Amino acid sequence: DNLNAESLRTELKKVIYEILDSDVPSEVFPKRINGIPRVIFVVGVNGAGKTTSIGKLAFQFGAQGAQVLLAACDTFRAAASEQLEVWAERAGADIEKGGEGEKPSTVAYRAVHRGMEEGYDVILVDTAGRLHTKVNLMNELSAITKIVSRECEGAPHETFLVVDGSTGQNALQQAREFNEAAQLSGVVVTKLDGTPKGGIVIAIKDELNVPVRYVGVGEGVSDLRPFDTEEFTEALFGDFDLSNTNAMQSYVVCP
């Protein structure tokens, strides 16, 4: 009753906050689980910032003292392994690669066994950037998941969908398809460079109950940050700048 513009904004913020809020911690600490590496799948369509997000996570995990192994399971795109190898070198991480055209599941299999045998703390699996409309590629992602879960108990422990913050309703369909193929545990929203966008994640969380885990707000290695519900909600209304480096703590200084 008697809503004015300001009170309407306040009520909308409350509703959005309630939708986005989650009991699942945003941050993943790079520690082994029951003596085996923590396996994190990263999925998404081409151009969303998937490989870059993996590189930033690897760098930040390494800064916390973790031994990180990258699995280059995008064997369809010739430059994919090279791009990931550059990030591995920058992050001080190791990498398990396959030859061009080699089955992604074969690379994932080797990476998991190497991770367990050599005592890695985290395995970050870079999957092929695939269109959610391509049934055969989505089926292949399901196959990779089954192989990894068979070889490493409880894996993958996390599966993150990387979404470009400027993407609209198509991102919701992406989330539906990827969630069916790989059972998502979180969303990473990239390219939130201070501009209020990324609102599609409200619909993803509301429909699929998949929480936002990280936001990418810049090109620096510390610019992939744990999701903060309050700050993100304020940013959607233009009342907060997510790119403010003093506003959110960097992974590099996390305990």
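### Topic: the packing of aromatic side chains
Inference 1: What the rule picks out here adds up to 2 aromatic pairs.
Inference 2: With a centroid separation of 5.5 Å and 75 degrees between ring planes, the pair formed by Phe-160 and Tyr-214 is classed as edge-to-face. Here Phe-160, found in strand 5 (residues 158-164), pairs with Tyr-214, found in strand 7 (residues 212-216); they are 54 residues apart in sequence, far enough to count as distant. Tyr-214 matches Phe-160 in its accessibility class, with the two residues each being buried.
Inference 3: Looking at Arg-90, its charged tip hangs above the ring of Trp-87, at a distance of 4.3 Å from the centre.

### Let's talk about helix 6 (residues 170-182)
Inference 1: Between its terminal C-alpha atoms helix 6 stretches 18 Å, which fits the 18 Å expected from 13 residues at 1.5 Å a residue.
Inference 2: Residues of helix 6 that are buried: Ala-171, Leu-172, Gln-174, Ala-175, Phe-178, Ala-181 and Ala-182.
Inference 3: Next to the buried residues of helix 6 lie strand 1 (38-43), helix 5 (135-151), strand 5 and helix 7 (200-208).
Inference 4: Directly after helix 6, the chain includes Gln-183, whose backbone phi takes a positive value near 50 degrees.

### Let's talk about the confidence of the model for the chain
Inference 1: Taken residue by residue, the chain gives an average pLDDT of 88. The fraction at 70 or more is 91%.
Inference 2: Per-residue pLDDT stays below 50 along residues 245-255; that stretch engages in 29 contacts with residues further than four places along the chain or on separate chains.

### Brief notes about the sheet that holds strand 4 (residues 122-126)
Inference 1: Read from one edge of the open sheet, 8 strands run 3-2-4-1-5-6-7-8, paired in mixed fashion. Two strands lie at the open edges of the sheet, namely strand 3 (94-96) and strand 8 (224-226), each paired on one side alone. Across the sheet, the mean angle from the axis of one strand to that of its neighbour is 25 degrees, orientation sign disregarded.
Inference 2: In terms of strand pairing, strand 7 meets strand 8 through 3 bridges, oriented antiparallel. Within strand 8, the residue paired with Gly-216 across the bridge is Leu-224.
Inference 3: With respect to the sheet, helix 2 (residues 50-63) is in contact with strand 1, strand 2 (68-72), strand 4, strand 5, strand 6 (186-190), strand 7 and strand 8, its orientation differing from that of strand 4 by roughly 170 degrees.

### Focus on the environment of Glu-207
Inference 1: Here Glu-207 shows up in helix 7.
Inference 2: For Glu-207, a relative accessible area of 41% translates into the label partly exposed.
Inference 3: In sequence terms Glu-207 and Arg-176 are 31 residues apart; their C-alpha atoms lie 9.0 Å from each other.
Inference 4: When residues no more than four places from it in sequence are discounted, the contact partners of Glu-207 are Leu-172 and Arg-176.

### Structural notes on the nonpolar core
Inference 1: Formed by 54 residues in total, the largest nonpolar core has its most connected members in Phe-61, Leu-70 and Leu-124.
Inference 2: Residues in contact with Leu-70, not counting those within four places in the same chain, are Ile-54, Ala-58, Leu-84, Ala-88, Ala-93, Asp-94, Ile-95, Glu-96 and Leu-124.

### Regarding the pattern of salt bridges
Inference 1: A complete count under the given rule lists 13 salt bridges for this structure.
Inference 2: Its salt-bridge partner being Arg-110, residue Glu-96 comes within 2.9 Å of it at the nearest N-O pair. A residue pair is termed long-range when its members are at least 10 positions apart, and Glu-96 in strand 3 and Arg-110 in helix 4 (residues 104-117) qualify at 14 residues.
Inference 3: Since its relative accessible area comes to 28%, Arg-110 is described here as partly exposed.
Inference 4: By sharing partners, the salt bridges in this structure join Glu-96, Glu-102, Arg-110, Arg-114 and Glu-118 into a single network.

### Digging into the packing of helix 1 (residues 5-20) against helix 8 (residues 229-236)
The axes of two packed helices give the description: the angle between them and the distance between them.
Inference 1: Where helix 1 meets helix 8, the axes come as close as 10 Å, and the angle between the chain directions of the two elements is 140 degrees. On the basis of the axis angle, helix 1 is oblique to helix 8. Considering only the axes of helix 1 and helix 8, their crossing is right-handed. Together, Lys-13, Ile-16, Tyr-17 and Leu-20 of helix 1 and Thr-229, Glu-230, Phe-232, Thr-233, Glu-234 and Leu-236 of helix 8 make up the contact between the two elements.
Inference 2: Within the contact of helix 1 with helix 8, the residues separate by chemical class into 5 nonpolar, 2 polar and 3 charged.

### With respect to helix 3 (residues 78-91)
Inference 1: Those residues of helix 3 not exposed but buried are Ala-80, Ser-81, Leu-84, Trp-87, Ala-88 and Ala-91. Each buried residue of helix 3 lies within a common arc of 125 degrees when the element is viewed along its axis, so the set occupies one face. Opposite the packed face of helix 3, turned more than 90 degrees from it, sit the exposed residues Glu-82 and Glu-89.
Inference 2: For helix 3, the elements touching its buried residues are helix 2, strand 2, strand 3 and strand 4.
Inference 3: Once helix 3 finishes, Gly-92 follows within two positions and takes phi at roughly 70 degrees, a positive value.

Rules behind the numbers
Residues numbered from 1 in each chain as written. Predicted model: local features only at pLDDT ≥ 70, side-chain atom pairs only at ≥ 80, totals over all residues. Heavy atoms only, no water. Phe/Tyr/Trp six-rings, centres within 6.5 Å; stacked < 30°, edge-to-face > 60°. Helix = DSSP H or I, 4+ residues; strand = E, 2+ residues; numbered from the N terminus. Buried < 20%, exposed > 50% of the residue type's maximum accessible area, 1.4 Å probe, protein only. Lys NZ or Arg CZ within 6 Å of the ring centre and 35° of its normal. Expected span 1.5 Å × (residues − 1). Contact = heavy atoms within 4.5 Å. pLDDT = per-residue confidence, 0-100. Pairing = 2+ DSSP bridges. Axes fitted to C-alpha atoms, helices over the stretch in contact; angles between N-to-C directions. Core = buried A, V, L, I, M, F, W, Y, C linked by side-chain atoms within 4.5 Å. Salt bridge = Lys/Arg side-chain N within 4 Å of Asp/Glu carboxyl O. Parallel < 35°, antiparallel > 145°, perpendicular 65-115°, else oblique. Left-handed = near helix turned anticlockwise from the far one by under 90°. Nonpolar A, V, L, I, M, F, W, Y, C, P; charged D, E, K, R; others polar. Arc of directions from axis to C-beta.

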